Amino acid sequence: MKKDYVFYFIVGTQDLYGPEVLKTVAERAGEMAAELSSRLPYPLVFTGAASSDGEICAVMRRANADPLCAGIVTWCHTFSPGKMWLGGLADLRKPYCHLATQYNTAIPGDEIDMDFMNLNQAAHGDREHGFTAARLRIPRKIIAGHWKDAKVISRLGEWMRTAVGAAVSREMKVMRFGDNMRWVAVTEGDKIEAQIRLGWRVNTNAVGDLAAEMKAVTESEIDSLTEQYLSLYTLDTDDLAAVRYQAREEIAIKRMLDAEGCMAFSDTFQDLYGLEQLPGLAAQHLMYLGYGFAGEGDWKTAALTAVMKAMGSEGASGFMEDYTYHLVSGNEYSLGAHMLEVCPSLAADRPRIQTHPLSIGMNEKDPARLVFDGREGPAVVAALIDMGGRMRLIAQDIECVKPIMPMPKLPVARVMWRVLPDLQTGVECWITAGGSHHTVLSYDVSAGQLRDWARIMDIEFVHITPDTLPDRLDDELFLRDLAWKLR
Ligand code: MN
């Protein structure tokens with residue numbers, strides 16, 4: 001599913017310096033692209049020293065048209081007049097990072113002269129360059145510092161993954177089996193707005209079509225997927241038929257998704273016509289493979305799961321639901337789970353395959369599912385809601401813990417976390433922002449990446465940090481609401 005994305009490295013200069021300087025700029029930029037590519041998650045392709053309006057427009061148009069170009073990185077080795085960039089930047093449709101760097105590290109005190117100053121003029125050129133984007137009011141990421149600095153490279157790498165999240169988003173197709181869970185509000189939304197802003201094409205397929213596709217799955221296909229299950233997970237049930245049934249569901253769902261090029265799907269326990277079990281293990285293993293999923297017809301969270309999987313270094317993101325609290329004073333936690341479908345990429349240990357009755361919905365048989373504890377560590381939960389006229393992405397920093405007690409009767413995977421600065425404040429902020437019970441929980445996507453992604457996609461972003469206070473957030477959201485309505 002992962003494509004070989006690249007990023008264009010466009011280095012600005014101008015003709016005034018003469019051919020010698022242009023040659024040096026090109027050589028150095030080529031060297032930087034090569035070295036950085038070996039240390040970044042995606043290659044940086046140097047597209048030549050750009051010294052005129054025409055060259056800059058041409059390379060921007062090439063970036064727009066190249067399906068594998070996930071974004072551009074710009075830098076001005078020398079001074080590069082901003083009016084040369086206005087046309088190209090105004091046309092740019094790919095994510096844009098301004099790397100405000102410099103080839104050399106130290107100022108050579110004994111040797112520095114005006115030739116050196118004219119060649120190494122990034123401090124000057126990058127300010128001119130930055131003004132053009134500010135004036136055009138286009139979204140960009142600005143990363144300043146020496147290009148060999150580990151922190152600069154790590155930030156650039158993180159931004160590249162975010163830009164790939166934007167590319168994946170713009171290609172996103174979501175298959176819905178059945179509609180929304182009846183009467184639920186927060187999982188609803190404007191699919192047209194989502195397609196315009198985020199590129200998501202969301203369509204419904206009949207559950208009966210899935211049932212028919214399942215009939216076409218062969219026993220040997222089920223044998224081979226069941227073997228895969230057993231290589232990844234520990235069998236903890238005697239009901240092998242239920243496990244094989246989930247394999248049948250998974251093969252049929254995957255076939256339908258792949259036929260349509262869908263990277264995410266949703267189902268609902270209220271519409272299982274022709275199915276004996278709600279997809280549990282099936283949905284979990286598909287998420288493990290990188291597909292997005294959310295229950296109860298929640299196409300927004302399903303697509304966001306797939307986007308965040310693409311944005312993370314190891315795909316450790318999954319569909320989550322805030323279920324219940326541990327409200328013991330001074331020791332408060334949130335317990336997240338779902339009725340079945342928690343992604344095994346969140347697991348601390350090898351998941352176990354179990355079968356249990358499902359007390360909600362109309363399952364004829366006990367569905368097989370993976371049961372595990374989530375891992376410890378800092379994480380983020382994110383939710384996408386439709387405010388009417390715009391989408392709002394909400395992110396909150398959390399600290400996942402090893403569940404503080406055994407829960408032997410809980411028949412589903414679970415993740416327990418602490419909210420900072422404390423559960424009460426965090427929950428009040430989340431509810432103030434309108435955040436849903438459904439989220440994507442991620443161990444390897446940062447709130448900063450989500451902010452950049454929201455900026456690229458042109459949607460609202462709310463970050464609930466340990467310093468966010470509900471009253472101030474409420475005031476801020478009121479003002480933002482006015483600002484968004486004016487746009
Ligand atoms: Mn749910």
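The notes below deal with the structure included here. Computed from a predicted structure; not experimentally measured.

### Things to note about the environment of Ala-50
Line of reasoning, step 1. Mapped onto the elements, Ala-50 comes out in strand S2 (residues 44-50).
Line of reasoning, step 2. When its relative accessible area of 4% is taken as the criterion, Ala-50 is described as buried.
Line of reasoning, step 3. C-alpha of Ala-50 to C-alpha of Ala-216: the two residues are 166 residues apart in sequence and 56 Å apart in space.
Line of reasoning, step 4. Aside from chain neighbours lying at most four places away, what touches Ala-50 is Ile-10, Val-11, Gly-12, Thr-13, Glu-55, Ile-56 and Ser-80.

### Thoughts on unusual backbone geometry
For residues besides glycine, phi is generally negative; the peptide bonds are generally trans as well.
Line of reasoning, step 1. Cis geometry is adopted by the peptide bond preceding Pro-421, which originates at Leu-420 and carries an omega value of 5°.
Line of reasoning, step 2. Structurally, Pro-421 can be placed in the loop between strand S17 (414-419) and helix H13 (423-432).
Line of reasoning, step 3. The residue Arg-137 is not glycine, and still its phi comes out positive at about 55°.
Line of reasoning, step 4. Within the fold, Arg-137 resides in the loop between helix H5 (122-136) and strand S5 (141-144).
Line of reasoning, step 5. A relative accessible area of 64% means that Arg-137 is categorised as exposed.
Line of reasoning, step 6. Even without a glycine there, the phi angle at Trp-183 is positive, about 75°.

### Some words on the sheet that holds strand S14 (residues 368-371)
Line of reasoning, step 1. Spatially, 3 strands are ordered S8-S13-S14 in an open sheet, and the strand pairing comes out mixed. Looking along the sheet, the strands with just one partner apiece sit at the ends: strand S8 (234-235) and S14.
Line of reasoning, step 2. Of the pairings in the sheet, the one linking S8 to strand S13 (residues 352-355) comprises 2 bridges and is parallel in character. Counted as the bridge partner of Leu-235 is Ile-353 from S13.
Line of reasoning, step 3. Set on the sheet, helix H10 (residues 240-260) makes contact with S8, S13 and S14; between it and S14 the angle comes to about 90°.

### Overview of the sheet that holds S5
Line of reasoning, step 1. With parallel pairing, the 5 strands of this open sheet are ordered in space as S2-S1-S3-S4-S5. With one partner strand each, in any of the chains shown, S2 and S5 form the two edges of the open sheet. On average, adjacent strands in this sheet sit at an angle of 25° to one another, irrespective of strand direction.
Line of reasoning, step 2. Across 5 bridges, strand S1 (residues 6-12) lies against S2 in parallel orientation. The residue of S2 that forms the bridge with Tyr-8 is Val-45.

### Side note on helix H7 (residues 191-198)
Line of reasoning, step 1. When we look at burial in H7, the residues that qualify are Glu-193, Ala-194 and Leu-198. The buried residues of H7 occupy an angular sector of 100° when projected down its axis, which confines them to one face. The outward face of H7, more than 90 degrees from its buried face, is lined by the exposed residues Ile-192 and Ile-196.
Line of reasoning, step 2. For H7, the secondary structure elements touched by its buried residues are helix H6 (150-170), helix H12 (299-311), strand S15 (377-386), strand S16 (391-401) and helix H14 (447-457).
Line of reasoning, step 3. The N-terminus of H7 is capped by Asp-190, whose side-chain oxygen sits 2.9 Å from the backbone nitrogen of Ile-192.
Line of reasoning, step 4. Note on H7: the residue one or two positions beyond its end, Gly-199, has a positive phi of about 85°.

### Examining the packing of aromatic side chains
Line of reasoning, step 1. Throughout the structure, instances matching the rule amount to 8 aromatic pairs.
Line of reasoning, step 2. Between the aromatic rings of Phe-7 and Tyr-42, the centroid separation amounts to 6.1 Å while the plane-to-plane angle is 55°, which identifies the pairing as tilted. With Phe-7 in strand S1 and Tyr-42 in the loop between helix H1 (19-39) and S2, this pair connects stretches of sequence that are 35 residues apart. Of the two residues examined, Phe-7 and Tyr-42, each falls in the buried class.
Line of reasoning, step 3. In this structure an aromatic cluster arises from ring pairing among Phe-177, Phe-265, Phe-293 and Phe-319.
Line of reasoning, step 4. Sitting above the plane of the Trp-299 ring, Lys-300 keeps its charged end 5.6 Å from the centroid.
Line of reasoning, step 5. Sitting over the face of the ring of Trp-484, Arg-487 holds its NZ or CZ atom 4.5 Å from the ring centroid.

### As for the nonpolar core
Line of reasoning, step 1. Membership of the largest hydrophobic core comes to 137 residues, with the highest contact counts inside it found for Trp-159, Met-172, Trp-200, Leu-393, Leu-441, Leu-450 and Trp-453.
Line of reasoning, step 2. There are two domains that each give this core at least three residues, and those are domain 1 (6-170) and domain 2 (173-485).
Line of reasoning, step 3. When near neighbours in sequence (up to four residues on either side) are disregarded, Leu-441 contacts Ala-316, Ser-317, Gly-318, Met-320, Leu-346, Ala-379, Val-380, Val-381, Ile-398, Cys-400, Val-415 and Trp-417.

### Considering the side chain of Ser-334
Line of reasoning, step 1. Here Ser-334 is to be found in strand S12 (residues 331-337).
Line of reasoning, step 2. Here the side chain of Ser-334 touches Asp-322 through a polar contact of 3.2 Å, side chain to side chain.
Line of reasoning, step 3. Ser-334 has contacts with Asp-322, Thr-324, Tyr-325, Val-415, Met-416, Trp-417 and Leu-423, leaving out every residue within four places of it along the chain.

### Topic: the pattern of salt bridges
Line of reasoning, step 1. The final tally for this structure, using the stated rule, is 24 salt bridges.
Line of reasoning, step 2. Close ionic contact of Arg-176 with Asp-179 constitutes a salt bridge, the shortest N to O distance being 3.8 Å.
Line of reasoning, step 3. Judged by its relative accessible area of 46%, Asp-179 falls in the partly exposed class.
Line of reasoning, step 4. Between Arg-244 and Asp-223 there is a salt bridge, with its nearest N and O atoms 2.9 Å apart. Remark: Asp-223 occurs in helix H9 (residues 219-232) and Arg-244 occurs in helix H10; sequence separation between them is 21 residues.
Line of reasoning, step 5. Exposure remark for Arg-244: the relative accessible area of 22% places this residue in the partly exposed category.
Line of reasoning, step 6. Taking relative accessible area as the criterion, Asp-223 reaches 37% and is therefore assigned partly exposed.
Line of reasoning, step 7. One continuous salt-bridge network, built from bridges that share partners, spans Arg-390, Arg-392, Glu-460, Glu-476, Arg-480, Asp-481 and Lys-485.

### Regarding the pairing of strand S3 (residues 69-76)
Line of reasoning, step 1. Judged by how many residues are buried, S3 sits mostly within the fold: 8 of 8 residues are covered.
Line of reasoning, step 2. Two elements, S3 and strand S4 (residues 96-100), share 3 bridges in a ladder whose sense is parallel. When the bridges of S4 are listed, Val-73 appears paired with Cys-97.
Line of reasoning, step 3. Since S3 and S4 lie parallel, the crossover through helix H3 (residues 83-91) that links them has a hand, and here it is right-handed.

Cut-offs and rules
Residues numbered from 1 in each chain as written. Predicted model: local features only at pLDDT ≥ 70, side-chain atom pairs only at ≥ 80, totals over all residues. Heavy atoms only, no water. Helix = DSSP H or I, 4+ residues; strand = E, 2+ residues; numbered from the N terminus. Buried < 20%, exposed > 50% of the residue type's maximum accessible area, 1.4 Å probe, protein only. Contact = heavy atoms within 4.5 Å. Pairing = 2+ DSSP bridges. Axes fitted to C-alpha atoms, helices over the stretch in contact; angles between N-to-C directions. Arc of directions from axis to C-beta. Polar contact = N/O pair within 3.5 Å; in protein donor to acceptor, adjacent residues only side chain to side chain. Phe/Tyr/Trp six-rings, centres within 6.5 Å; stacked < 30°, edge-to-face > 60°. Lys NZ or Arg CZ within 6 Å of the ring centre and 35° of its normal. Core = buried A, V, L, I, M, F, W, Y, C linked by side-chain atoms within 4.5 Å. Domains from an automatic or database assignment. Salt bridge = Lys/Arg side-chain N within 4 Å of Asp/Glu carboxyl O. Right-handed = clockwise from strand over helix to strand, strands pointing away.

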